[in-house]
Amino acid sequence: MSFETSVIGPAALEALVDSLRARGYRVLGPTTRDGAIVYDDLASATELPIGWTESQEAATYRLERRDDEARFGFAVGPHSWKQFLLPARVRLWQARRNGDGELEVEEEGLDETPLAFIGVRSCELHAISIQDRVFLEGSYVERDYAARRSDDFVVAVNCFEPGGTCFCVSMGTGPKAEAGYDLALTEILDGEHRLLVEVGTERGADVLGELPRRAAAESDLAAAAAAVDGAAARMGRQLESGDLRDLLQRNLEHPRWDEVAERCLTCGNCTMVCPTCFCTSVEDTSDLAGESAERVRLWDSCYSVDYSHIHGGAVRPTGRSRYRQWLTHKFGTWHDQFGTSGCVGCGRCITWCPVGIDVTEELGAIRATDGAHGHD
Ligand code: SF4
Ligand code: SF4
């Protein structure tokens, strides 16, 4: 099925938000808050980060003014769509004592409000499809994730302004969205300010049908392609990613693990901001009288000592072992478990690491002395 590619003006984004809200979607998208571009509810397209960009480097993030009115002239911030599909805190059940003194357990209802995501980058589409594999396509389907993911409406945005820590080209995950969207926008600032709209699904076409638009001309297609090619050529980071699984397997005793452990605070920030990290734990609480109790699911991290606590103690008691676990899982054994890398090259873990640990640098350092230490 092929749909006509169209062009809309920036003002038509208001009609897009209106159309999605009228269809019952909870509309979510980028906005500025607390000195960063975050994802939140959007009541209007005027809440987009109009004229803002950011400067990103290891352990550095700063909002900056653009000299234009671009709606999507930035990369990714500390939030990812994970916060809506796999919220940081979800109650699983509650229990109350009834009149006979028996505890009655009630499973938490599902939030089935359909979600519409505006501004999903290509790396993030890949991250969502990785979490789909984890939560929907394995032997166990995660009911809460499945309810949140079902029927969500995705408006992708192709990047024209990569961040200083981005490396999606190295991971084969961007900067152009290829699948997994209802509509895909490419913002064009060269000449008339406009957005090219590609249609991915029938319902995307329905929504587009409600927006003021015109058919795309050859010059629009060429300008959009040039914008995305420009982003691909200006990636902040690069990573030789082809054989990382084997590289890591044969360097489990590399001295670089000790070196990075000297710097790593094991704070877990990298796992919180990573759009594919999915570790959670459960916590049970009760009131003092023993009349009610509840169980909640919370984001957890392989950097916490307790996360690897099994009978007898923690199996990864040192920072070295926990950093190595994270990196070798994300870039190595994830392939064995889920058939892909666990990294989509979004750069968040580099930007938001308080001490500026950079996965591309760590992997490069191991590669530089591959085979000189440990297993072969
Ligand atoms: S690598 Fe950085 S963000 Fe991750 S746990 Fe270590 S110090 Fe924290
Ligand atoms: S490991 Fe880092 S760069 Fe890769 S997806 Fe996670 S946060 Fe992004």
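Relevant structure appears above.
Residues numbered from 1 in each chain as written. Chains lettered and ligands numbered in written order. Predicted model: local features only at pLDDT ≥ 70, side-chain atom pairs only at ≥ 80, totals over all residues. Heavy atoms only, no water.

Visitor: So what about the sheet that holds strand 12 (residues 214–215)? Which residues, and what values?
Guide: As summarised here, the arrangement of the eight strands in space is 3-2-8-9-10-11-1-12, forming an open sheet in which the pairing is mixed. At either end of the open sheet lies a strand with only one pairing partner, and these are strand 3 (36–41) and strand 12. Bridge analysis of strand 2 (residues 26–33) against strand 8 (residues 115–120) gives three bridges, and the strand direction is parallel. Counterpart to R26 in the pairing with strand 8 is L115. Running over the sheet, helix 1 (residues 12–22) touches strand 1 (6–8), strand 2, strand 8, strand 9 (153–157), strand 10 (183–188) and strand 11 (194–199) and is turned about 155° from strand 8. (Pairing = 2+ DSSP bridges. Helix = DSSP H or I, 4+ residues; strand = E, 2+ residues; numbered from the N terminus. Contact = heavy atoms within 4.5 Å. Axes fitted to C-alpha atoms, helices over the stretch in contact; angles between N-to-C directions.)

Visitor: If you had to explain the site of ligand 2 to someone new, which residues and values would you point to?
Guide: Around ligand 2 lies a shell formed by F167, C274, P275, W326, K330, C343, V344, G345, C346, G347, R348 and C349. Of all the elements in the fold, those that place two or more residues in the shell around ligand 2 are helix 11 (319–338) and helix 12 (348–351). Classifying every residue of the shell around ligand 2 by side-chain character gives eight nonpolar, two polar and two charged. (Near = heavy atom within 4 Å. Nonpolar A, V, L, I, M, F, W, Y, C, P; charged D, E, K, R; others polar.)

Visitor: Tell me about the pattern of salt bridges, and please be specific about residues and values.
Guide: Under the counting rule described, the total for this entry stands at 37 salt bridges. Here E107 ties to R143 by a salt bridge, and the two come within 3.5 Å at their closest N and O atoms. One end of the pair, E107, is in strand 7 (residues 103–107); the other, R143, is in helix 4 (residues 143–149), with 36 residues separating them in the sequence. Measuring nitrogen to oxygen at the nearest pair gives 2.9 Å for the salt bridge that ties D152 to R149. One exposure class covers both D152 and R149, and it is buried. (Salt bridge = Lys/Arg side-chain N within 4 Å of Asp/Glu carboxyl O. Buried < 20%, exposed > 50% of the residue type's maximum accessible area, 1.4 Å probe, protein only.)

Visitor: Lay out empty space enclosed by the protein with the relevant residues and their values.
Guide: Per the counting criterion, the structure on display carries four cavities of 30 Å³ or more. Here the largest cavity is characterised by a volume of approximately 130 Å³. Along the walls of the largest cavity sit 17 residues, with C264, C270, Y303, C353 and I357 positioned nearest its centre. Those elements that provide at least two residues to the lining of the largest cavity are helix 10 (269–273) and helix 11. Its residues assigned to classes, the lining of the largest cavity shows 13 nonpolar, three polar and one charged. (1 Å grid on protein atoms, 1.4 Å probe; cavity = no way out; pocket = protein on both sides within 12 Å on 5 of 7 lines; lining within 4 Å. Points joined across faces, edges and corners; volume = space filled by probe spheres on them.)

Visitor: Break down the side chain of E142 for me, with residues and values.
Guide: Within the element layout of this structure, E142 appears in the loop between helix 3 (122–135) and helix 4. The exposure class assigned to E142 is buried, which follows from its relative accessible area of 12%. Among the polar contacts made by the side chain of E142, one reaches the main-chain amide nitrogen of D144 at a distance of 3.2 Å. Reaching out from E142, the side chain makes a polar contact with the backbone nitrogen of Y145 at a distance of 2.8 Å. When neighbours within four sequence positions are excluded, E142 is seen to be in contact with F135 and R297. (Polar contact = N/O pair within 3.5 Å; in protein donor to acceptor, adjacent residues only side chain to side chain.)

Visitor: How would you summarise the site of ligand 1 if you had to cite specific residues and measurements?
Guide: In the region of ligand 1, 13 residues are neighbours, and C264, L265, C267, C270 and C353 sit closest. For ligand 1, the cavity whose grid points lie within 2 Å of the majority of its atoms is the largest cavity. Of the residues belonging to the shell around ligand 1, the class tally is 10 nonpolar, three polar and no charged. (Sits in = over half its atoms within 2 Å of the grid points.)

Visitor: Before we move on, could you go through the side chain of D358 and cite the residues and values that matter?
Guide: Position of D358 relative to the elements: it lies in the loop between helix 12 and helix 13 (359–368). Once residues lying within four places of it in the same chain are set aside, the contact partners of D358 are R237 and I350.

Visitor: Describe helix 11, with residues and values.
Guide: Largest kink in helix 11: about 55°, centred on H329. Among the 20 residues of helix 11, 14 are classified as buried, and the element is accordingly described as predominantly covered. Backbone geometry just downstream of helix 11 places G339 in the positive-phi region, at approximately 80°. (Bend = angle between axes of the 7 residues up to and from the residue.)

Visitor: I'd like a description of the packing of helix 11 against helix 13, backed by residues and values.
Guide: Here helix 11 crosses helix 13 at 90°, and the two axes come no closer than 12 Å. In terms of axis orientation, helix 11 runs roughly perpendicular to helix 13. Within the contact between the two elements, helix 11 uses Y323, W326, L327 and F331 and helix 13 uses V359, E362 and L363. (Parallel < 35°, antiparallel > 145°, perpendicular 65-115°, else oblique.)

Visitor: Describe in detail the pairing of strand 10, supporting the description with residues and values.
Guide: The buried count for strand 10 comes to six of six residues, which makes it a mostly enclosed element. Burial of strand 10 is two-sided: the residues L183, L185 and E187 facing one way and the residues A184, T186 and I188 facing the other way are all buried. Adjacent in sequence and paired antiparallel, strand 10 and strand 11 are bridged by five residues, among which G191 carries a positive phi angle near 80°.

Visitor: Provide a residue-level description of the sheet that holds strand 7, including the pertinent values.
Guide: Strand order in the open sheet formed by four strands is 7-6-14-13, and the pairing between neighbours is antiparallel. Edge positions in the open sheet fall to strand 7 and strand 13 (280–286), since each of these has one partner strand only. Across this sheet, the average inter-strand angle for adjacent strands is 20°, counted without regard to direction. Pairing geometry for strand 6 (residues 89–97) and strand 7, over five bridges, is antiparallel.

Visitor: Describe the pairing of strand 13, listing the residues and the values that go with them.
Guide: As paired strands, strand 13 and strand 14 (residues 292–299) are joined by seven bridges and run antiparallel to one another. Bridging across to strand 14, T285 finds its partner in E294. Counted between consecutive antiparallel strands, the loop separating strand 13 from strand 14 contains five residues, among which G290 sits at a positive phi close to 75°.

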